[in-house]
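Examination of the molecular architecture
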Amino acid sequence: RLQIKVWTEQLIRYGAKVIETRTDFFQKINSEFEKLKDFPRYEFEIEFEPNIKVDEIFEEEIEFRFKNELQKTYNRDLELQSTSVGPHKDSWNILIKIKPQKEFIRADKFASRGQQRVSLIMLQMVLINIFMKSRHTKPIMLLDDIFSELDEENENLLLDFISHNKIQCFITGINKLTKKKSKIHQIDLSSKI
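Scope of this entry: the structure provided in the associated data block. The structure presented is a predicted model; accordingly, all values stated were derived computationally and were not measured.

In a soluble, globular protein the nonpolar side chains are often hidden away together inside. In this structure, Ile29, Phe33, Met122 and Met125 are the most contacted members of the largest nonpolar core, which totals 32 residues. Counting only elements with at least two residues in this core, the list comes to helix 1 (2–34), strand 1 (42–49), strand 2 (91–98), helix 5 (113–135), strand 4 (140–144) and helix 6 (152–164). When residues in this core are grouped by element, the largest group, nine residues, is from helix 5. In this view, Met125 contacts Met141, Phe161, Ile162 and Ile167; residues no more than four positions away in its chain are not counted. By size, the runner-up hydrophobic cluster in this structure holds nine residues, among which are Ala16, Ile52, Val54 and Ile62.

So this is what it looks like as structure tokens:
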């Protein structure tokens, strides 16, 4: 029991930091998504669902709430030999608004496969922007077969976004691009096989 008490204190302390950092990170992502308002077809948002619900994102508040939740589930957790509450149970969803709709929908449940793919790629783009701001350097992006489920309009939106942000990007796939773009070079390996 003494060992469990020590582990629980560590779990509360470090778990609260994880929740606080994660909340801050998802707020940064949503802030970057808001800058994409000129994206003609879609709007995006991240819905963060922390397992420990808190009113204020302060470490002390999170620790207090986390401790209370752990006390409520203590006997069941001992029986299951597993911790049933905490940051390891957090989840998040990408939300997409398909203009002119007014409501966001969960991309994984209600969007088409092409819209889901656009959502994931835009999340990657937003993460790249956050990375560039924090590290003051541009990463190289590698994308595998992203155009297989995109229509021509979405293909062009993504290529324009990559070009506009001057991101060096390598894209593999079996489909040729529908339109030639400046600063985008294609290599056709099918004739060399």
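Most of strand 2 sits inside the fold, with six of its eight residues counted as buried. As paired strands, strand 1 and strand 2 are joined by eight bridges and run antiparallel to one another. Bridging from a neighbouring strand, Glu45 pairs with Leu95 of strand 2. Of the pairings in the sheet, the one linking strand 2 to strand 3 (residues 105–106) comprises two bridges and is antiparallel in character. Each residue of the ladder has a partner; that of Ile96, found in strand 3, is Ile105. The loop that links strand 2 with its antiparallel partner strand 3 comprises six residues.

Now for the sheet that holds strand 2. The strands making up a sheet associate through hydrogen bonds between their backbones, and the pairing can be parallel or antiparallel. Strand order in the open sheet made by the three strands is 1-2-3, with antiparallel pairing throughout. Each edge of the open sheet carries a strand with a single partner, namely strand 1 and strand 3. Docked against the sheet, helix 1 engages strand 1 and strand 2, running at close to 170° with respect to strand 1.

Counted according to the given criterion, the structure contains five aromatic pairs. With a centroid separation of 5.9 Å and an interplanar angle of 50°, the aromatic rings of Tyr42 and Phe44 are classed as tilted. Assigned by exposure class, Tyr42 and Phe44 land together as buried. Put simply, the rings of Phe25, Phe26, Phe48 and Trp92 touch in pairs and so form one group of aromatic residues.

Residues of strand 4 alternate between two faces, with Met141 and Leu143 buried on one and Ile140, Leu142 and Asp144 left unburied on the opposite face. Where strand 4 meets strand 5 (residues 168–172), five bridges bridge the pair, whose relative direction is parallel. When the sheet's bridge partners are listed, Asp144 is paired in strand 5 with Thr172. In this view, the connection linking strand 4 to its parallel neighbour strand 5 by way of helix 6 has right-handed handedness.

Looking at where Arg113 falls in the secondary structure, it is placed in helix 5. Residues Arg113 and Glu61, 52 residues apart in the sequence, show an inter-C-alpha distance of 40 Å.

Time to look at helix 6. The end-to-end C-alpha distance of helix 6 is 18 Å, a good match for the 18 Å that 13 residues give at a rise of 1.5 Å each. What helix 6 keeps buried is the set Asn154, Glu155, Asn156, Leu157, Leu158, Leu159, Phe161 and Ile162. Among the structural elements, strand 1, helix 5, strand 4 and strand 5 are those in contact with the buried residues of helix 6. Remark: Lys166 follows helix 6 within two positions and exhibits a positive phi of approximately 55°.

Conventions adopted
Residues numbered from 1 in each chain as written. Predicted model: local features only at pLDDT ≥ 70, side-chain atom pairs only at ≥ 80, totals over all residues. Heavy atoms only, no water. Core = buried A, V, L, I, M, F, W, Y, C linked by side-chain atoms within 4.5 Å. Buried < 20%, exposed > 50% of the residue type's maximum accessible area, 1.4 Å probe, protein only. Helix = DSSP H or I, 4+ residues; strand = E, 2+ residues; numbered from the N terminus. Contact = heavy atoms within 4.5 Å. Pairing = 2+ DSSP bridges. Axes fitted to C-alpha atoms, helices over the stretch in contact; angles between N-to-C directions. Phe/Tyr/Trp six-rings, centres within 6.5 Å; stacked < 30°, edge-to-face > 60°. Right-handed = clockwise from strand over helix to strand, strands pointing away. Expected span 1.5 Å × (residues − 1).

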